[in-house]
Structure formats: C-alpha cells, structure tokens
Amino acid sequence: MAECPTKVLGFVFSSASQQWRAIASRSWGDLNPYMNPVTEHNSLLHRNYAYGCFYWHLSQFPCRPNLITLDMTRMEFSPINPPFNHSIEEFTTVELGNNRCGIFMFGSSQFDGAEGYVLHLFSADTQNLDEGANEWVLENEVLLPHSSDPTNNGMLGVADGKLFLQTTEVVEVKVGSAIVFYQRKTEFGCISLDCKTLQLQRVQGMVHDRSRIGKKLGASVFEL
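Here we summarise the structure given alongside this text. Everything numeric in this text was worked out from a predicted model, so none of it was measured.

**Structural notes on the overall build of the chain**
Okay, so step 1: Summing up its helical and strand segments, the chain has 1 helix and 16 strands in all.
Okay, so step 2: Across the 224 residues in the chain, those meeting the buried criterion constitute 38%.
Okay, so step 3: Sequence-distant contacts, at least 24 apart, represent 44% of the contacts inside the chain between residues at least 6 apart.
Okay, so step 4: Put simply, the chain shows about 13300 Å² of open surface, and 48% of that area lies on carbon and sulfur atoms.

**Notes on the pattern of salt bridges**
Okay, so step 1: A full pass over the atoms with the stated rule returns 4 salt bridges.
Okay, so step 2: Here Glu139 makes a salt bridge to Arg100, at a shortest N to O gap of 3.9 Å. With a gap of 39 residues between them, Glu139 in strand β11 (residues 137–143) and Arg100 in strand β9 (residues 100–111) connect regions that are remote in the sequence.
Okay, so step 3: Salt bridges here are not isolated pairs; linked through shared partners, they connect Asp71, Arg74 and Glu76.

**Considering the side chain of Ser123**
Okay, so step 1: For Ser123, the position within the fold is in strand β10 (residues 114–125).
Okay, so step 2: Since its relative accessible area comes to 0%, Ser123 is described here as buried.
Okay, so step 3: Engagement of the side chain of Ser123 in a polar contact is seen with the side chain of Arg100, the distance being 2.8 Å.
Okay, so step 4: Among the polar contacts made by the side chain of Ser123, one reaches the side chain of Glu139 at a distance of 2.4 Å.
Okay, so step 5: Apart from the residues within four sequence positions on either side, Ser123 is in contact with Leu96, Arg100, Cys101, Gly102, Glu135, Trp136, Val137 and Glu139.

**A word on the packing of aromatic side chains**
Okay, so step 1: Per the stated rule, a full pass over the model turns up 3 aromatic pairs.
Okay, so step 2: Seen from their ring centres, Phe13 and Trp20 are 5.1 Å apart, and the 55° between their planes marks the pair as tilted.
Okay, so step 3: You can call Trp20 exposed: its relative accessible area is 61%.
Okay, so step 4: Three or more aromatic residues link up through ring pairs in this structure, and these residues are Tyr49, Phe54 and Trp56.

**Re the environment of Met35**
Okay, so step 1: Locating Met35 in the fold gives a position in the loop between α1 (28–31) and β4 (44–50).
Okay, so step 2: As a C-alpha pair, Met35 and Cys63 span 28 residues in sequence and 5.6 Å in three-dimensional space.

**Notes on unusual backbone geometry**
Okay, so step 1: Even without a glycine there, the phi angle at Tyr51 is positive, about 50°.
Okay, so step 2: Along the chain, Tyr51 turns up in the loop between β4 and β5 (53–58).
Okay, so step 3: A relative accessible area of 26% means that Tyr51 is categorised as partly exposed.
Okay, so step 4: The backbone phi angle of Asn99 is positive, close to 60°, even though this residue is not glycine.
Okay, so step 5: On the secondary structure map, Asn99 appears in the loop between β8 (91–95) and β9.
Okay, so step 6: Asn99 sits in the partly exposed class, given a relative accessible area of 38%.

Cut-offs and rules
Residues numbered from 1 in each chain as written. Predicted model: local features only at pLDDT ≥ 70, side-chain atom pairs only at ≥ 80, totals over all residues. Heavy atoms only, no water. Helix = DSSP H or I, 4+ residues; strand = E, 2+ residues; numbered from the N terminus. Buried < 20%, exposed > 50% of the residue type's maximum accessible area, 1.4 Å probe, protein only. Contact = heavy atoms within 4.5 Å. Areas by Shrake-Rupley, 256 points an atom, 1.4 Å probe, with all protein chains shown as cover. Salt bridge = Lys/Arg side-chain N within 4 Å of Asp/Glu carboxyl O. Polar contact = N/O pair within 3.5 Å; in protein donor to acceptor, adjacent residues only side chain to side chain. Phe/Tyr/Trp six-rings, centres within 6.5 Å; stacked < 30°, edge-to-face > 60°.

So, in structure tokens, the structure goes:
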C-alpha cells in the first residue's frame, strides 16, 4: 500500500509468477468526497479483513470519515457508506456466515433502562455493499462492563470467533499508614466477546510487549 498526496496505490505480489501486480489507483476524492483532493498525512486507519476484502477507516480531520474496501478478487478499491447516523471511528469487522459481514462499533445507548456505553453490531450482505449504498442493519448491542468509557478502551481484533477488547481503568491505591493518601494507577486488562452468543468473558492475561499495548492482535491471549 502507498498513500500518495492525491491517491492511494496498491501492489500484490504473486508467488507463482514472482512478480508484482499494480491495483488500479483511486483518488482520495473518489473514495471520500468530503476530503481535500490533496493530503499530506496518513489517512487510512484501523485495517480489518473479512471475506476476501480489506477495510479501512478513511478520514482527514476535520473532514467527515468514510469506509473504503479493497476487494482482493476484483483487485479494486471502492468506498462504502458507514452505518446510518453513526460516526466511524474505531471499528472491527467479523465474518458472520452466509456472506454477511459484521462490523463492531463503540457507541452510547439507553440499554435496558440505563444509560451506558455499548458495542453496536451491524451487518450487511457483502454483495449489497456497492458504492453509495447503505445496507447496514443493526443486529444487536452489548453493554460494556461497568459502562466503560470507550475512549479508555480499544479493539484488538477478532480471533477464533471472538472480539478481543483492551480495557483501561484508572484506580486509586491507598498509600501510607500514618498519613493516608491515594495514588492514581492505570491498570490494563482484556475481555473477549463471542461474536455469535455475544457473551462477554474476562481474559486472564495477554503475552505482549508492554510498549505496544493497544496494538491489533498479534499477541497471545489466555481466557479464564
């Protein structure tokens, strides 16, 4: 992938022919009409994959964001409208079966009579995700533990049919005996969400480089 000032380029290497093949380029304006035609910064974020397609969040602040996909079968880039009335920020895609692509997004909602932060699960038939179409359907929403603020959490990715979330919590630790004061301490954790049953489960631990906390999955995980 190459992000040029006016367009995005892609190249695929064939192990059979031992040659690189260029993917037809698209201008930033074609992929997101709200963006400036020339950009000096990286605009593709949160790469995901499902059903032979790569997905990115495409935006250049303060422009309105959009989704784009790279179809590895047709070897072409195309824009996709995000779910209606939802701002795309961090997201993760998942294969739901029967050619239905799912997308998880953070949001806030009135959940069972109580306000809280939730994960929205939208789905769409991959054949209906044409340019300009908006075929996303809200399948479900899951209340995050303790109404966690999504700004303190992150999506690590999907593995073995489960979405893994990094959680960040700031706690107060009692220090001293004669003179008591509290020190704020940041603790990191991880929870998993079964993409079919939508059951949440705390993960006992992760094997990772602590300097890379918050990066996409590539780490090993252990569940209770």
